[in-house]
Protein chains: 4
Amino acid sequence: MTQISTDTLAQDESAGGTMRGLIKHHAGTGLAFSDDRPIPSVGPREVRIKVKKVGICGTDRHIWEWDEWSAGRVPVGIITGHEFVGHIDAVGSAVTQYTPGQRVSAEGHITSGADYNSRTGNAHIAADTTIFGIDRDGCFADYIVVPESNVWPVHPDIEDKYAAIFDPLGNAVHTVMAAGVSAKTVLISGVGIIGLMAVTVAKAAGASRIYCTDINPPRLELAKELGATDAFDARDSAWIEQVRRDTYEGVDVLLEMSGAPMAMDQGFRALRNGGTAALLGLPARTVDFDFNKHIIFKGCTVLGINGRKMWDTWYQMEKLLLSGRLELDKVITHEYPIEEFDKAFETMISGAGIKVLMNL
Amino acid sequence: MTQISTDTLAQDESAGGTMRGLIKHHAGTGLAFSDDRPIPSVGPREVRIKVKKVGICGTDRHIWEWDEWSAGRVPVGIITGHEFVGHIDAVGSAVTQYTPGQRVSAEGHITSGADYNSRTGNAHIAADTTIFGIDRDGCFADYIVVPESNVWPVHPDIEDKYAAIFDPLGNAVHTVMAAGVSAKTVLISGVGIIGLMAVTVAKAAGASRIYCTDINPPRLELAKELGATDAFDARDSAWIEQVRRDTYEGVDVLLEMSGAPMAMDQGFRALRNGGTAALLGLPARTVDFDFNKHIIFKGCTVLGINGRKMWDTWYQMEKLLLSGRLELDKVITHEYPIEEFDKAFETMISGAGIKVLMNL
Amino acid sequence: MTQISTDTLAQDESAGGTMRGLIKHHAGTGLAFSDDRPIPSVGPREVRIKVKKVGICGTDRHIWEWDEWSAGRVPVGIITGHEFVGHIDAVGSAVTQYTPGQRVSAEGHITSGADYNSRTGNAHIAADTTIFGIDRDGCFADYIVVPESNVWPVHPDIEDKYAAIFDPLGNAVHTVMAAGVSAKTVLISGVGIIGLMAVTVAKAAGASRIYCTDINPPRLELAKELGATDAFDARDSAWIEQVRRDTYEGVDVLLEMSGAPMAMDQGFRALRNGGTAALLGLPARTVDFDFNKHIIFKGCTVLGINGRKMWDTWYQMEKLLLSGRLELDKVITHEYPIEEFDKAFETMISGAGIKVLMNL
Amino acid sequence: MTQISTDTLAQDESAGGTMRGLIKHHAGTGLAFSDDRPIPSVGPREVRIKVKKVGICGTDRHIWEWDEWSAGRVPVGIITGHEFVGHIDAVGSAVTQYTPGQRVSAEGHITSGADYNSRTGNAHIAADTTIFGIDRDGCFADYIVVPESNVWPVHPDIEDKYAAIFDPLGNAVHTVMAAGVSAKTVLISGVGIIGLMAVTVAKAAGASRIYCTDINPPRLELAKELGATDAFDARDSAWIEQVRRDTYEGVDVLLEMSGAPMAMDQGFRALRNGGTAALLGLPARTVDFDFNKHIIFKGCTVLGINGRKMWDTWYQMEKLLLSGRLELDKVITHEYPIEEFDKAFETMISGAGIKVLMNL
C-alpha cells in the first residue's frame with residue numbers, strides 16, 4: 001500500500017537556519033567555504049540528510065581545477081560533492097519508505113524515473129540524468145536534500161568510512177560484476193582510486209588471477225598488496241607476451257580504468273579471443289582504434305560502464321563489504337575536518353593521498 | 001528533478017459522487033452490480049483513472065465461483081477486476097509523471113518499492129505484493145485509483161481492446177520472452193486464453209516451430225489458426241515421439257500453461273536435453289515429479305513465471321503489438337456493457353467465449 | 001563408442017584422375033580455369049566431397065582483384081572458394097560419423113580443435129584457424145577434401161541453392177542471434193549481401209521493427225521488400241532523429257554490416273542507451289572513434305562478430321530455413337555453370353547480381 | 001591442419017602383456033582384484049594411459065554394493081573406476097593432439113560427438129553418453145584406453161592428488177559456476193564429498209556468504225573449516241528463518257547436493273524470490289513437490305546439473321586450482337595402494353574417510 005497518512009510524517013518545510021558548505025564560488029580554480037548557506041527545504045518526495053562524512057572524487061578535482069568539462073557544465077554557485085554518508089533529518093510529506101534518524105547514503109544520479117531505462121532496471125543510464133554536486137547542490141555541506149528514490153539505507157555493520165565512498169566503490173563493483181570475474185583471469189589497466197578498489201573487489205568476487213598495469217610504480221606496488229597476482233609498468237609492453245603465455249593466449253577479462261589510448265591498445269592485445277572488456281575509463285578525446293584486430297576478429301564483448309546499477313550494484317557492494325573480503329583501508333589514506341578542505345584537496349591532487357575523506 | 005510545484009496539479013481530494021461497480025458482495029458465488037459505490041479519493045502519489053474497457057480474467061472466474069483460494073484471500077466487499085484501459089481523471093499532489101486526460105492501463109501488482117526485487121528490476125516478484133481486484137478495489141467500476149508507479153501510458157496506435165488486456169497478454173509475453181524462442185522449436189502445453197496468446201506471441205517473437213497440446217480439440221484448432229505448426233490432443237501421448245523425431249530429440253523450449261501434472265510430464269519428455277522450460281500454469285496441488293529424468297539428467301533450465309516484468313514485459317508487449325504481428329482478434333471473442341456482467345461471465349465460464357471484455 | 005572397424009569404410013587413398021577447378025594462378029587479377037587438377041586424396045579423418053553448387057563470396061572478389069589483403073595472405077596456386085554444397089564421395093579410415101552419398105556442406109574455418117575456444121564451443125574464433133579457398137584448396141572445383149569435424153549434413157528439406165550459401169547466411173544468422181532481436185527494434189547499417197540476408201533473418205527471428213541504411217538506393221528498396229520497416233540513404237543523417245523519435249530514444253540493436261566509419265558513427269548515435277551493437281563489417285583501417293559518447297556513457301554492449309558459431313549458428317540457420325520464413329530468392333540472383341566463371345564474377349563485381357552461384 | 005603423417009605416431013596395436021585391475025566379477029557385493037587382465041589395445045583415435053592415481057567415487061560404492069541401479073546398468077566383468085591421473089603410453093594412428101609421455105586425466109562421459117548437444121558445447125548432456133567404469137572398462141587398472149577427444153592435459157603446477165579427482169571436483173565446479181555465486185549468498189544443502197568441495201569452490205569463486213545444511217554434524221564442522229559462514233543441522237528447520245532474516249528474505253543461490261526431499265523443500269524455502277537453484281543431488285525416487293510455492297510464485301530459476309561441461313568446467317577448475325584458493329586437503333583423507341582396495345572401500349563406505357585415493 002502506498003497510501004499514507006500525513007500526520008506520521010515530518011513537516012514538508014524549510015528548517016530555516018544556515019549551514020556550512022563548500023561552494024563553487026567563481027568560474028576559476030578552487031572552492032570557497034561558507035558557513036551561512038541556507039539549510040535547504042524538503043519537497044514532498046524528498047528527504048533531507050544531515051551529512052557526516054564525505055569523499056573527494058576525481059570529478060571534484062576537475063571542478064576544483066575548473067577544467068573545460070567543468071566550465072561547460074557546472075553552474076557557479078552550487079555546493080559540490082556527491083560521495084557521503086549521514087542521517088535522515090527530515091522527510092517530505094509523501095515519503096513512504098524512510099523516517100528521520102536512519103543512517104543513509106544516496107545514489108548521485110537523479111532521474112525522473114519515467115524513461116525506458118529507469119523503468120527497466122537501468123536507471124544508471126537514463127537519458128535525463130542529473131548529478132549531485134555537478135548539476136545541483138551536492139553533499140559537501142551540513143545538509144543535502146535528495147529524492148526518496150535515491151536513498152540507500154546503510155547496513156548497521158558497515159562503517160561510515162566505507163559508506164561515505166559507496167559511489168566510487170560502486171563504480172568498481174559495477175565494472176567488475178558487469179564483466180564477470182568469477183574463476184577468470186583479469187587485467188585491470190589503470191590503478192588509480194577506482195582501479196585499486198577494483199583489485200580488491202575482483203579478488204573478493206572470485207577472480208582467479210589479477211594483472212594490473214599503470215605508469216605509476218607505487219600504485220602498482222599497492223595493487224599487489226591488495227591482491228594483484230602481478231603488476232606491470234605499461235611503458236614497457238613486454239608484459240603482454242608474458243600474460244598471454246601464462247593464460248590461454250590472453251586474459252578472460254579486461255577492466256579498462258585509465259582512459260589512456262595506449263592502455264586500451266595494450267589491454268585488447270592482452271585479451272583472449274572471445275574475452276570481455278569493460279570500459280570505465282574515459283578517454284580525453286576520440287581514439288584511433290583498430291576494431292578488426294581488437295574486437296571483430298577476436299569475437300570480443302565490450303561493455304560501456306557508467307555509474308552504478310540501481311540497485312543491483314549497491315546490494316552487491318553491501319554483500320562484498322559484509323563478507324569481510326574487501327581491503328579498503330589502504331586506499332582510504334586521509335581524513336580531514338571540512339574546514340581543512342584546502343589541505344584535503346591538495347593531498348588528493350598531489351597524489352600524496354588516494355581516497356581522501358572530510359568530516360562534518 | 002523530482003521537485004514539483006503543487007499549483008500545477010489536480011487536487012488531492014475525493015471527487016465526491018458515486019459510481020458503478022461489480023462487488024464481491026458475499027462469501028458465495030457471483031458478483032453484485034452496484035451503482036452507488038463512492039468514487040474513490042486519490043492519495044498524494046496516486047492517480048484516479050476513468051475506466052473505459054475491462055477484461056475478465058480466469059482469476060475473476062475463481063472469485064466469481066468463490067473457490068477455496070478466493071475464500072481464503074479475497075475480502076468480501078471489494079470491487080473486482082484488474083484488466084483495464086481508461087483515462088486519467090485526477091492525480092495526487094505529489095504525482096510527477098502523469099496528467100489528467102492521458103490514456104493509460106496499469107500493472108495490477110502493487111509493491112512498496114522498498115524490497116530487494118523491487119529495487120533490482122524485478123518488482124513482479126516482490127514479497128510484499130498486493131493485487132487490484134483481489135486484495136483491494138479493482139477496475140470493474142467507473143473509477144480505479146492506482147499508485148503513480150503502477151501506471152502504463154498507452155501508445156496512441158494501440159486500440160483499447162488490446163490495451164484492456166495488457167495484464168494477461170503480459171503473462172504470455174513474459175513467459176515467451178523469459179524462455180527465449182527466437183529461432184527455436186517451442187511446445188506450448190495448454191492453450192487456454194494465455195496459451196493461445198502465447199502462440200501468436202511466440203510466432204511474432206521468432207519461434208521457428210510451435211507445437212501445442214491440450215485436451216480441448218476446438219482450442220487446438222484455434223491454436224493452428226494462430227500459427228501453431230501442429231497441435232496435439234494430450235490424451236494420446238504418441239505425439240511425443242513424433243515431436244522428438246522432427247526435432248533434435250525434443251523441443252528447445254517448453255511453455256507450460258496448463259498446470260496439469262500430465263502436461264508437465266509429457267512436456268518434459270518432449271523437451272530436449274539442455275532445453276528450457278518456463279512454468280506459468282499453476283498445479284492445483286503438489287506434483288509427484290521425476291527430477292532426475294526431467295531436469296537433472298537432462299541438464300534443463302526451469303523458469304518460474306509470475307506476473308509480468310515491470311516494465312520490460314510492457315515495452316516488449318508494446319513493440320510486438322506495434323509490429324502488427326500479433327493476432328489477437330480470434331482470442332477476443334465477446335464484448336458486453338458492464339450491466340450485462342452476468343452474461344459476460346457466463347460466456348467466459350461456459351467456454352463459449354475466450355477473452356470476454358466489458359465496457360463502462 | 002568411437003572405435004571403428006575399418007572394413008566398413010571407404011579407402012584412404014587418392015582417387016587418382018583429374019578434375020576442374022578455379023585456380024588463383026598468378027599474383028594479379030582474375031582466376032584461371034583448369035580441367036586437369038588432380039583429384040585430392042583423403043586423410044584418415046577427412047572426407048572428400050563431390051561439389052555440386054557453390055556461391056561467390058565478397059572474399060572471393062578480393063582474391064579475384066588481388067587486393068593488398070589477398071596478396072599478403074593467399075598462396076598463389078590454390079583452388080579458391082568456400083561456399084558450397086555437394087555429396088560425400090569418400091571418407092578417411094578413421095572417420096566415424098559420415099558415409100559416402102550423404103549430402104553435405106561444410107564450415108570453412110578449420111582449427112586443430114586443441115585450443116581454448118575450440119574446446120569451449122567457440123571454435124569460430126580459434127586462434128589457429130585456417131580457411132578453405134584462402135589458406136588452402138577450396139571448393140571451386142569438382143572435389144574438396146575437408147576434416148570430418150567440419151562437415152555439416154544438409155537437411156533433406158533444404159534446397160541446394162540455400163545449402164550452397166550456408167557460409168554467408170551463417171554470418172547473418174550469427175550476427176542477428178548474437179545480438180538478439182526478438183521483440184526488439186533493429187538497425188542494420190549496410191545492406192550488401194549479408195546485410196540483406198540479415199533483414200530477412202532478423203524478421204524471421206522476431207525483430208519488431210527493422211531499419212536499414214546504405215548509400216545504394218536499389219539495395220534499400222530491396223531491403224524493404226525483404227521486410228525492413230524503413231530504409232534510409234545514409235548520406236543524409238536526418239533519419240537518425242526520426243528513428244530516435246519513433247523508438248525509445250534509439251533502437252535496441254545495431255547490426256553493423258558496412259565497416260564504414262560514417263555508418264558506425266550514425267549507427268551508435270541511433271542506438272539507445274543500454275543497447276547492443278553487433279559489429280560484422282570490417283573497417284578498411286583504424287577508426288577515429290568516440291568511446292565516451294558511443295559506448296561508455298551509453299552503457300552499451302558491443303559484440304565482435306566473426307564467422308559462424310560451430311554449430312549453434314548452423315542449427316539456428318536450419319531451423320530458420322525450415323520455418324519457411326526466410327526470403328532468400330531475391331538475394332540469390334544468378335546461377336552460371338562454372339565454365340562461365342568470368343561472367344559470374346563480373347555479374348557479382350558489377351553489382352548487377354547480389355548472390356551469384358556457380359554449378360559444377 | 002588435421003592431416004597427419006603416420007610415421008610420427010605410436011603403433012595402433014595391442015601392447016600385449018597383462019595388467020592389474022579391479023573387476024566387477026559377479027552380480028553381487030564387492031570387486032575382485034586381477035593381475036592378469038590383458039593390456040588393452042588402442043584404436044586409431046584413442047590414447048592409452050598408464051594410470052598412476054585414482055579416486056573412489058560414490059558411484060563406485062553403488063557398484064561395489066551392487067544396488068538396483070548398478071545391477072540394471074553395469075555389465076559384469078568390466079574394470080571399474082572413472083577418476084584418475086596418469087601418463088599417455090600410446091596413441092592411435094589418427095590421433096593428432098597428444099603424444100606419449102604427457103600427464104593427463106580424462107572426461108569420463110564419452111559421446112559420439114555427432115548429436116546436437118555435443119556439437120554446441122554441451123557434450124556433457126549428449127543423449128548417447130557412455131561412462132568409463134560403468135558402461136565399459138574404467139581406470140582402476142594399470143592402463144585405460146580413452147578417445148582422444150576425452151583427454152585433458154594436466155597443468156604442470158597441479159599435483160597428482162588433485163588431478164586424480166577432476167571428475168568429482170568438476171561436478172562441484174560445474175554446479176557452482178552454472179548457478180553463479182560471485183558476490184552472492186549461497187546455501188549448499190548436503191555436504192558429502194561433492195558438497196564439501198562445493199564449499200571451497202564457492203568461496204574461491206566469490207560467494208559472499210555460504211550456508212550449509214546436512215544431518216551429519218562432523219561434516220558440518222568440516223564445512224565451516226573449509227569456509228562456510230554457518231552450517232546447520234537440517235533436522236531442525238529453525239535455521240531457515242535465521243537465514244532469511246540475515247539475507248534479503250532468502251539466499252541468492254541454492255546448490256542442492258543431497259537429493260533428499262526434505263533438503264529440497266528446506267532449500268527452496270530458504271531461497272529468495274528470483275533466486276537460482278542448481279540441482280546436482282539425485283533423489284532416490286520421484287518427489288512430491290510444491291511447484292507453486294517453490295518455483296512459480298517465487299519466479300525462480302532451476303538448473304539441472306549433470307557431469308561437467310566439456311571443457312568450460314575443466315578450464316575453470318584449472319584456474320581455481322592454480323589460484324591457490326581451493327582447500328582440498330581436508331577432503332582428500334586417505335590413500336592406499338590398489339592392492340588394499342578392500343580397506344580403501346571400507347574407509348570410504350564407513351564414512352571414516354571422505355575422498356579416498358588409490359595408487360597404482
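None of these values were measured; they are calculated from a predicted model.

Reading guide: rules and limits
- Residues numbered from 1 in each chain as written.
- Chains lettered and ligands numbered in written order.
- Predicted model: local features only at pLDDT ≥ 70, side-chain atom pairs only at ≥ 80, totals over all residues.
- Heavy atoms only, no water.
- Helix = DSSP H or I, 4+ residues; strand = E, 2+ residues; numbered from the N terminus.
- Rg over C-alpha atoms; globule rule 2.2 N^0.38 Å.
- Buried < 20%, exposed > 50% of the residue type's maximum accessible area, 1.4 Å probe, protein only.
- Contact = heavy atoms within 4.5 Å.
- Areas by Shrake-Rupley, 256 points an atom, 1.4 Å probe, with all protein chains shown as cover.
- Lys, Arg positive; Asp, Glu negative; His and termini not counted.
- Charge placed at Lys NZ, Arg CZ, Asp CG, Glu CD.
- Buried area = accessible area lost by both parts, 1.4 Å probe.
- Polar contact = N/O pair within 3.5 Å; in protein donor to acceptor, adjacent residues only side chain to side chain.
- Nonpolar A, V, L, I, M, F, W, Y, C, P; charged D, E, K, R; others polar.
- Pairing = 2+ DSSP bridges.
- Least-squares fit on C-alpha atoms with pLDDT ≥ 70 in both.
- Axes fitted to C-alpha atoms, helices over the stretch in contact; angles between N-to-C directions.
- Salt bridge = Lys/Arg side-chain N within 4 Å of Asp/Glu carboxyl O.
- Expected span 1.5 Å × (residues − 1).
- Parallel < 35°, antiparallel > 145°, perpendicular 65-115°, else oblique.
- Left-handed = near helix turned anticlockwise from the far one by under 90°.

I'm lost on the overall build of chain A in this one. Help?
Counting its regular elements, chain A contains 11 helices and 18 strands. In terms of C-alpha radius of gyration, chain A reaches 21 Å, essentially the compact-globule figure of 21 Å for 360 residues. Principal axes of the C-alpha set define a box for chain A whose edges measure 65 × 45 × 35 Å. Buried residues in chain A amount to 62% of all 360 residues. Long-range contacts, defined as pairs at least 24 residues apart, comprise 69% of the intrachain contacts of chain A with a sequence gap of at least 6. When the accessible surface of chain A is summed, it comes to about 12000 Å², and 47% of that surface belongs to carbon and sulfur atoms. A distance of 5 Å separates the average location of the 34 positive side-chain charges in chain A from that of its 46 negative side-chain charges.

Just to check I follow, could you spell out the interface of chain A and chain C for this structure?
A common way to report how large an interface is uses the accessible area buried once the components associate. Chain A puts 36 residues into the contact, and the matching count from chain C is 36 residues. Both sides together, the interface formed by chain A and chain C hides about 3000 Å², and carbon and sulfur atoms give 61% of it. When the area that chain A buries against chain C is broken down by residue, the three leading residues are Tyr116, Phe291 and Ile296 of chain A, summing to 20%. Connecting chain A to chain C are 17 residue pairs in polar contact (both at pLDDT 80 or more). Secondary-structure elements contributing two or more residues to the side of chain A that touches chain C are β14 (271-279), β15 (287-289), α9 (291-296) and β16 (301-304) of chain A. Tallied by class, the residues present in the side of chain A that touches chain C amount to 20 nonpolar, 10 polar and six charged. Examined bridge by bridge, β15 of chain A and strand β15 (residues 287-289) of chain C share three bridges and lie antiparallel to one another. What sits directly across from phenylalanine 289 of chain A, in β15 of chain C, is valine 287 of chain C.

Before we go on, may I ask you to explain the relation of the copies chain A and chain C in this structure?
What relates the pair of chain copies is a rotation about an axis plus a shift along that axis. For the pair chain A and chain C, the superposition axis carries a translation of 0.0 Å, the fit reaches an RMSD of 0.0 Å, and the rotation angle comes to 180°. Taken together, these values place the two copies in the relation of a two-fold axis. Nearest to the rotation axis, the C-alpha of aspartate 288 of chain A is located 2.1 Å from it, this being the minimum over chain A. Mapped onto chain C, 100% of the interface residues of chain A again fall at the interface, so both copies present the same surface.

What is the right way to look at the environment of isoleucine 78 of chain B in this model?
Residues and elements named next belong to chain B. Take isoleucine 78: it is sitting in the loop between α2 (68-73) and β4 (83-91). Once the C-alpha coordinates of isoleucine 78 and glycine 21 are considered, the two residues, 57 residues apart in sequence, prove to be 9.5 Å apart. Once residues within four sequence positions are removed from consideration, isoleucine 78 is found in contact with Leu22, Ile23, Lys24, Arg37, Gly133, Ile134, Asp135, Arg136 and Asp137.

I'm lost on the sheet that holds strand β11 (residues 209-214) of chain C in this one. Help?
Two strands in a sheet stick together by hydrogen bonds in their backbones, pointing the same way (parallel) or opposite ways (antiparallel). Taken together, 12 strands build an open sheet; the order of strands is β12(A)-β11(A)-β10(A)-β13(A)-β14(A)-β16(A)-β16(C)-β14(C)-β13(C)-β10(C)-β11(C)-β12(C) and the sheet is mixed. This sheet does not close on itself; its edge strands, each paired only once, are β12 (230-233) of chain A together with β12 (230-233) of chain C. Pairwise comparison of adjacent strand axes, ignoring direction, gives a mean angle of 15° for this sheet. In this structure, strand β11 (residues 209-214) of chain A lies alongside β12 of chain A, joined through four bridges in parallel fashion. Counted as the bridge partner of threonine 213 of chain A is phenylalanine 232 of chain A from β12 of chain A.

Got a minute to help me understand the pairing of β4 of chain B in this structure?
The side chains of a regular strand alternate, first on one face of the sheet and then on the other. Residues and elements named next belong to chain B. β4 sits mainly inside the fold: seven of its nine residues count as buried. Inspection of the sheet shows strand β3 (residues 46-55) paired to β4 by eight bridges, in the antiparallel sense. Directly across from valine 47, in β4, lies its bridge partner valine 91. One ladder, built from two bridges, connects β4 with strand β5 (residues 103-106); its direction is antiparallel. Looking across to β5, one finds that glycine 86 is bridged to valine 104.

Looking at this structure, I do not really get the pattern of salt bridges. What am I missing?
Side-chain pairing between opposite charges can occur once the charged atoms of the two side chains come close. Scanning the entire structure with this criterion turns up 92 salt bridges over all chains. Across the pair glutamate 107 of chain A and arginine 308 of chain A runs a salt bridge, and its minimum N-O distance is 2.7 Å. Of this pair, glutamate 107 of chain A sits in the loop between β5 (103-106) and β6 (109-110) while arginine 308 of chain A sits in the loop between β16 and α10 (312-322); the two residues are 201 residues apart in sequence, bridging distant segments of the chain. Among the residues examined, arginine 308 of chain A registers a relative accessible area of 2% and is labelled buried. In this structure, lysine 53 of chain B engages glutamate 335 of chain B in a salt bridge whose closest nitrogen and oxygen atoms are separated by 2.6 Å.

Looking at this structure, how should I read unusual backbone geometry?
Excluding glycine, residues mostly have negative phi values, and the peptide bonds linking residues are mostly trans. Residue and element names in this part refer to chain C. Following methionine 310, the chain continues into tryptophan 311 via a peptide bond in cis, with omega recorded as 5°. Checked against the element boundaries, tryptophan 311 lands in the loop between β16 (301-304) and α10 (312-322). Despite not being glycine, tryptophan 66 shows a phi value in the positive range, around 55°. In this fold, tryptophan 66 is placed in the loop between α1 (58-65) and α2 (68-73).

Would you mind showing me how to read the interface of chain D and chain B here?
Facing the 36 residues of chain D at the interface are 36 residues of chain B. Broken down residue by residue, the surface that chain D buries against chain B is led by Tyr116, Phe291 and Ile296 of chain D, which jointly contribute 20%. At the junction of chain D and chain B, the tally comes to zero salt bridges. Inspection of the chain D/chain B interface yields 17 residue pairs in polar contact (both at pLDDT 80 or more). Put simply, the parts of the chain that give the side of chain D that touches chain B at least two residues each are β14 (271-279), β15 (287-289), α9 (291-296) and β16 (301-304) of chain D. Residue classes in the side of chain D that touches chain B are distributed as 20 nonpolar, 10 polar and six charged.

Even after reading the chapter, I still don't get the sheet that holds strand β14 (residues 271-279) of chain B, so can you show me in this structure?
Strand order in this open sheet of 12 strands is β12(B)-β11(B)-β10(B)-β13(B)-β14(B)-β16(B)-β16(D)-β14(D)-β13(D)-β10(D)-β11(D)-β12(D), and the pairing throughout is mixed. Two strands in the sheet have a free side with no partner beyond their single neighbour: β12 (230-233) of chain B together with β12 (230-233) of chain D. Going from strand to strand, the sheet's axes swing by 15° on average, the running direction of each strand aside. Strands β10 (185-189) and β11 (209-214) of chain D of the sheet are contacted by helix α5 (residues 193-204) of chain D, whose axis makes an angle of about 175° with β11 of chain D.

What's the story with helix α4 (residues 166-179) of chain A in this structure? I'm lost.
Residues separated by three or four positions in an α-helix point in the same direction, a consequence of the helix having 3.6 residues per turn. Taking 1.5 Å of rise per residue, 14 residues should cover 20 Å, and α4 of chain A covers 19 Å from first to last C-alpha, within 8% of that figure. One or two steps after α4 of chain A, the chain reaches glycine 180 of chain A, where phi turns positive at roughly 80°.

Can you walk me through the relation of the copies chain D and chain B in this structure?
By a simple turn and slide, chain D fits onto chain B: the slide is 0.0 Å along the axis, the RMSD is 0.0 Å, and the turn is 180°. A share of 100% of the interface residues of chain D reappears at the interface of chain B, consistent with the copies meeting face to face through the same patch.

Explanation requested: α10 of chain C in the structure shown.
Residues and elements named next belong to chain C. A large share of α10 lies buried, amounting to 10 of its 11 residues. For α10, the full list of buried residues reads Asp312, Thr313, Trp314, Tyr315, Gln316, Met317, Glu318, Lys319, Leu320 and Leu321. Just beyond α10, the residue with positive phi is glycine 324, at close to 75°.

For this particular structure, what's the right way to read the packing of helix α5 (residues 193-204) of chain A against helix α6 (residues 217-225) of chain A?
Two numbers describe a pair of packed helices, the interaxial angle and the distance between the axes. All names here are of chain A. Taken N-terminus to C-terminus, the directions of α5 and α6 make an angle of 20°; their axes are 9 Å apart at the nearest point. Classified by the angle their axes make, α5 and α6 are roughly parallel. Where α5 crosses over α6, the handedness of that crossing is right-handed. In contact with Ile193, Leu196 and Val199 of α5, α6 contributes Arg219, Leu222 and Ala223. Of the residues in the contact of α5 with α6, the class split is five nonpolar, no polar and one charged.

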